[in-house]
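What the coordinates show
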Amino acid sequence: MPAPLPKPLRIDARVVENACEGGGNHRLRLCVPGWPGFEPGQFAMLSPGPIGAAPRTDPLLPRPMAVYRAFGDEVEILFKRSGRGTALLGEARPGECVRLVGPLGRPFAPPRPGERALLVGGGTGVASLYELARKLLPSNEMAILLGARSAADLMGRADFDAFGDCVRLATEDGSAGERGLVTGLLEAELARGGPARVYACGPTPMMRRCADLAAAAGAAACASLENHMACGFGVCLGCAVPLRAGGFGLVCRDGPVFATGDVVWEGLP
């Protein structure tokens, strides 16, 4: 039986640091008293910007964000400014508060004995993989494959570089690592043969390509989906994903991590 997951908090978290790291990427560090810990792949719902004196109605809904890492009661979130909500979040100043609900969702499962762990992150999906890499590195053979449009868009690069030679990079413009898509790095790793388990998070076309490559190589694979959601715990039904077995799963409650063979990829936006 797997250990029970940490119980989520609903709390106003104080901003400790909010640093722009280039390419629109931000590192947000929050003080979350009583933080219960989290498992790799879990996420939190954050208010779209700091809490003000009046209730926020524009934008109204919180944003799901991967939990990047934590130090005691301090939680780090990496995100990219991509719209009004994340722009407001990027302007949150130390001392202000951001409403947080988390940790939420089902995490990544560890690889089976003898399986190489192949972590594939694209764009903001990189933020979902750091804690998994940290936990697996001491006792598992692993390759960490990270991709982005350019070197400036790579999230958490210095943190991942500390893992050493198992990290490989791909950028579309060739400004860091190999020129091309991160799925090209995965294809080369799978060509080495042997049991492997793929962990993917990033844009839907990237994850679908990872699923196809893993299936062709006979490797197990899972993906952390990044669907939009309004609540984070299965009430709004806004994050439904079609399943091969029929019906739908909810990314917030049944995921965000799914076995890639369970997902009807052509049914995703």
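Structure report, in brief. The shown structure was predicted, so the numbers you read here are calculated from the model rather than taken from an experiment.

1. Things to note about the overall build of the protein
Summing up its helical and strand segments, the protein has 5 helices and 16 strands in all. Computed over its C-alpha atoms, the radius of gyration of the protein comes to 18 Å, within 12% of the 18 Å expected for a compact globule of 269 residues. With respect to the three principal axes, the spread of C-alpha positions in the protein is 55 × 45 × 35 Å. Within the span of the protein, comprising 269 residues, buried residues form 51% of the whole. A sequence separation of at least 24 residues applies to 64% of the contacts in the protein between residues at least 6 apart. Accessible surface, the protein: about 12,200 Å² in total, of which carbon and sulfur atoms supply 53%. One finds the centroid of the 28 positive side-chain charges in the protein at a distance of 4 Å from the centroid of its 27 negative side-chain charges.

2. Some thoughts on the side chain of Arg 116
Structurally, the position occupied by Arg 116 is in strand β8 (residues 116–122). Overall, the relative accessible area of 5% leaves Arg 116 in the buried class. Setting aside its immediate chain neighbours within four residues, Arg 116 contacts Glu 141, Glu 189, Arg 192, Gly 193, Pro 195, Ala 196 and Arg 197.

3. Some points on the packing of aromatic side chains
A full pass over the atoms with the stated rule returns 6 aromatic pairs. Residues Phe 108 and Tyr 199 carry aromatic rings whose centres are separated by 5.6 Å and whose planes lie at 80° to one another, so their mutual orientation is edge-to-face. Residue Phe 108 is found in the loop between β7 (97–104) and β8, and its partner Tyr 199 is found in strand β12 (residues 196–201); the two are separated by 91 residues along the sequence. Grouping residues by exposure puts Phe 108 and Tyr 199 together as buried. A connected cluster of aromatic rings, assembled from ring pairs, spans Tyr 68, Tyr 130, Phe 160 and Phe 163. Its end group placed over the ring of Tyr 130, Arg 69 keeps NZ or CZ at 5.3 Å from the ring centre.

4. Notes on the pattern of salt bridges
Per the stated rule, a full pass over the model turns up 23 salt bridges. A salt bridge links Arg 253 to Asp 254, with the nearest nitrogen and oxygen atoms 3.7 Å apart. Taking the relative accessible area as the measure of exposure, Arg 253 reaches 45% and is therefore partly exposed. Of the residues examined, Asp 254 reaches a relative accessible area of 30% and is grouped as partly exposed. Taken together, the salt bridges that share partners define one network made up of Glu 21, Arg 27, Arg 29, Arg 69, Glu 74, Glu 76 and Asp 159.

5. So, unusual backbone geometry
In most cases, non-glycine residues show a negative phi, while peptide bonds are predominantly trans. Cis geometry is adopted by the peptide bond preceding Pro 103, which originates at Gly 102 and carries an omega value of 5°. Counting through the fold element by element, Pro 103 comes out in strand β7.

6. Focus: helix α4 (residues 182–191)
Within α4, burial applies to Val 182, Thr 183, Leu 185, Leu 186, Glu 189 and Leu 190. Buried positions in α4, seen along its axis, are confined to an arc of 150° and lie on one side of it. Contacts from the buried residues of α4 go to β8, β9 (142–148), β10 (167–171), β11 (178–179), β12 and α5 (204–217). The positive-phi residue at the C-terminal boundary of α4 is Gly 193, with phi of around 80°.

Basis of the calculations
Residues numbered from 1 in each chain as written. Predicted model: local features only at pLDDT ≥ 70, side-chain atom pairs only at ≥ 80, totals over all residues. Heavy atoms only, no water. Helix = DSSP H or I, 4+ residues; strand = E, 2+ residues; numbered from the N terminus. Rg over C-alpha atoms; globule rule 2.2 N^0.38 Å. Buried < 20%, exposed > 50% of the residue type's maximum accessible area, 1.4 Å probe, protein only. Contact = heavy atoms within 4.5 Å. Areas by Shrake-Rupley, 256 points an atom, 1.4 Å probe, with all protein chains shown as cover. Lys, Arg positive; Asp, Glu negative; His and termini not counted. Charge placed at Lys NZ, Arg CZ, Asp CG, Glu CD. Phe/Tyr/Trp six-rings, centres within 6.5 Å; stacked < 30°, edge-to-face > 60°. Lys NZ or Arg CZ within 6 Å of the ring centre and 35° of its normal. Salt bridge = Lys/Arg side-chain N within 4 Å of Asp/Glu carboxyl O. Arc of directions from axis to C-beta.

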